[in-house]
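# What the coordinates show
One-letter residues, chain by chain:
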Amino acid sequence: MALLVVVLALTRNLFAAVVLSGIYSFLMATVLVALDAVDVAMTEAAVGAGVSTVLLLGALHLCKSEETKPTHRPWLPLSVSIATAGLLIYGSLGLPDFADPQAPIHQHVTPRYLQNEVEVPNVVTAVLASFRGYDTLGETTVVFTAGAGIIALLRRRRHGKHDGDADEK
Amino acid sequence: MKNDLVLRVVGKLLIPFILLFALYVQFHGDFGPGGGFQAGVIFAAGIVFYALVFGLDNARKLMPDRLVETMLASGVLLYAGVGVAGLFLGGNFLDYFVLDHDPIHGQHRGIFWVEVGVAVTVCGVMLKIFYMFASRGRDGRDGHSIDEELR
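A quick note: this is a predicted structure, and the numbers were derived from the prediction, not measured.

### Topic: the overall build of chain B
A count of helical and extended segments in chain B gives seven helices and zero strands. Listed N to C, the secondary structure of chain B is α-α-α-α-α-α-α in terms of helices and strands. Considering only intrachain contacts with a sequence separation of at least 6, the fraction spanning at least 24 residues in chain B is 62%.

### Let's talk about unusual backbone geometry
All names here are of chain A. Despite not being glycine, Asp 36 has its phi angle at roughly 65°, a positive value. Mapping Asp 36 onto the fold places it in the loop between α2 (14–34) and α3 (38–60). Residue classification places Asp 36 among the exposed residues on the basis of 10 C-beta atoms within 10 Å.

### As for the packing of helix α7 (residues 133–154) of chain A against helix α5 (residues 103–134) of chain B
Relative orientation of the contacting elements α7(A) and α5(B) amounts to 20°, with a least axis distance of 9 Å. Classified by the interaxial angle, the pair formed by α7(A) and α5(B) is roughly parallel. Between α7(A) and α5(B) the crossing geometry is left-handed. Together, Gly133(A), Thr136(A), Thr140(A), Val143(A), Phe144(A), Ala146(A), Gly147(A), Ile150(A), Ile151(A) and Leu154(A) of α7(A) and Val114(B), Gly117(B), Val118(B), Thr121(B), Val122(B), Gly124(B), Val125(B), Lys128(B), Ile129(B) and Met132(B) of α5(B) make up the contact between the two elements. Among the residues forming the contact of α7(A) with α5(B), the class breakdown is twelve nonpolar, seven polar and one charged.

### Let's talk about the interface of chain A and chain B
Listed by partner, the interface residues are 41 residues for chain A and 50 residues for chain B. Within the residue set of the side of chain A that touches chain B, elements represented by two or more residues are α3, α6 (123–131), α7 and α8 (156–159) of chain A. The element best represented in the side of chain A that touches chain B is α7(A), accounting for 13 residues. The residue inventory of the side of chain A that touches chain B, partitioned by class, reads 22 nonpolar, twelve polar and seven charged.

### Notes on α7(A)
Residue and element names in this part refer to chain A. Taking 1.5 Å per residue, 22 residues should reach 32 Å; α7 reaches 32 Å between its end C-alpha atoms and fits that length. Taken together, the buried positions of α7 are occupied by Gly 133, Thr 136, Leu 137, Thr 140, Val 143, Phe 144 and Gly 147. One side of α7 carries all its buried residues, which in axial view fall inside an arc of 125°. Exposed residues on α7 whose side chains face more than 90 degrees from its buried face are Tyr 134, Asp 135, Gly 138, Val 142, Thr 145, Gly 149, Ala 152 and Leu 153.

### Some remarks on the confidence of the model for chain A
Residues and elements named next belong to chain A. When pLDDT is averaged across chain A, the result is 79; 87% of the residues are at 70 or more. Element-level pLDDT for chain A is lowest in α8, with a mean of 55, against a maximum mean of 91 in helix α4 (residues 75–92). Below pLDDT 50 for its whole length, residues 160–169 participates in six contacts with residues either more than four positions away or in separate chains.

### Details of the environment of Asn92(B)
In this structure, Asn92(B) sits in the loop between α4 (65–88) and α5. For the pair Asn92(B) and Thr121(B), spaced 29 residues apart in sequence, the C-alpha separation works out to 24 Å.

### Considering helix α2 (residues 36–54) of chain B
All names here are of chain B. Between its first and last C-alpha, α2 extends 27 Å over 19 residues, near the 27 Å set by a 1.5 Å rise per residue. Here α2 lies mainly inside the structure; 19 of its 19 residues are buried. Trailing α2 by a residue or two, Gly 55 shows a phi angle of about 95°, which is positive.

### Focus on the packing of α7(A) against α4(B)
One way to put it is that α7(A) packs onto α4(B) with a least axis distance of 9 Å and a crossing angle of 160°. In this view, α7(A) runs roughly antiparallel relative to α4(B), as classed from their interaxial angle. Relative to α4(B), the crossing made by α7(A) is left-handed. Contact residues: α7(A) offers Leu137(A), Thr140(A), Thr141(A), Phe144(A) and Gly147(A), while α4(B) offers Leu72(B), Ala73(B), Gly75(B), Val76(B), Tyr79(B), Ala80(B) and Gly83(B). Residues that form the contact of α7(A) with α4(B) fall into these classes: seven nonpolar, five polar and no charged.

Rules of the game
Residues numbered from 1 in each chain as written. Chains lettered and ligands numbered in written order. Predicted model: local features only at pLDDT ≥ 70, side-chain atom pairs only at ≥ 80, totals over all residues. Helix = DSSP H or I, 4+ residues; strand = E, 2+ residues; numbered from the N terminus. Contact = placed C-beta atoms within 7 Å. Buried ≥ 20, exposed ≤ 12 C-beta atoms within 10 Å, placed from the backbone. Axes fitted to C-alpha atoms, helices over the stretch in contact; angles between N-to-C directions. Parallel < 35°, antiparallel > 145°, perpendicular 65-115°, else oblique. Left-handed = near helix turned anticlockwise from the far one by under 90°. Nonpolar A, V, L, I, M, F, W, Y, C, P; charged D, E, K, R; others polar. Expected span 1.5 Å × (residues − 1). Arc of directions from axis to C-beta. pLDDT = per-residue confidence, 0-100.

Rendered as structure tokens:
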């Protein structure tokens, strides 16, 4: 995976970058399966590797397939990202051990969830749809808003084709 | 890609199973991994695959724009409707216990319809975004679309 990320950062061909990021998503899905997060892995494989690769390819055919040379030096963004990564790694040192049953996250509301009073065998579904029903309603609304936004942004071109030609492409 | 025999045959073989798998993920979400979001995305991915192999126009015949846009809104409305139904039956908003005489059955019923709502919205949004991006070149000056490019 690390090798893939380095290649992804170095490549100038956008088509290769799109395909590589799809491969990265599949590898990420296998990592999530190894972490026993099958629901997330399924989403990652379907959204990350499937749909978003197709959408990026669709966007790619609207623009050039080679990345242009950057006009500025990358030092400032590079230092910002290295500093952020350093802070995150420093923060992760303070986290409890992986799969530690005494970790705070396993002490708070999780025991109540695991009592499974709604009697749905898949706890993830029970938490998502029942215990956190409001959150999921919000997420669905966010997805709907994304779709509505896409419609609002892109559909205008079709109706205003005759007067909107100047800003096409 | 329309003239690629291998892709057409493999696509014809696989697409029914992709759609069936999406339904399985949807309705088996209570017992195994998966749920509304995953099912919606997998269903949309099946249709997108169909569009890539057989052309966007055929996919539009299969899932017309009007249907996709209706799906977009009706999923959220269904989800919120389950919540309002809980209100009318004397509970709180999104309270599933009151949806049936047996509270556990009420929970199952509520979760089922909520997941259907999520799946419908997610599938509609994914398809809509794909349609919008894939048909952009077609209306523009360069006049070639994604499936011509990939062919």
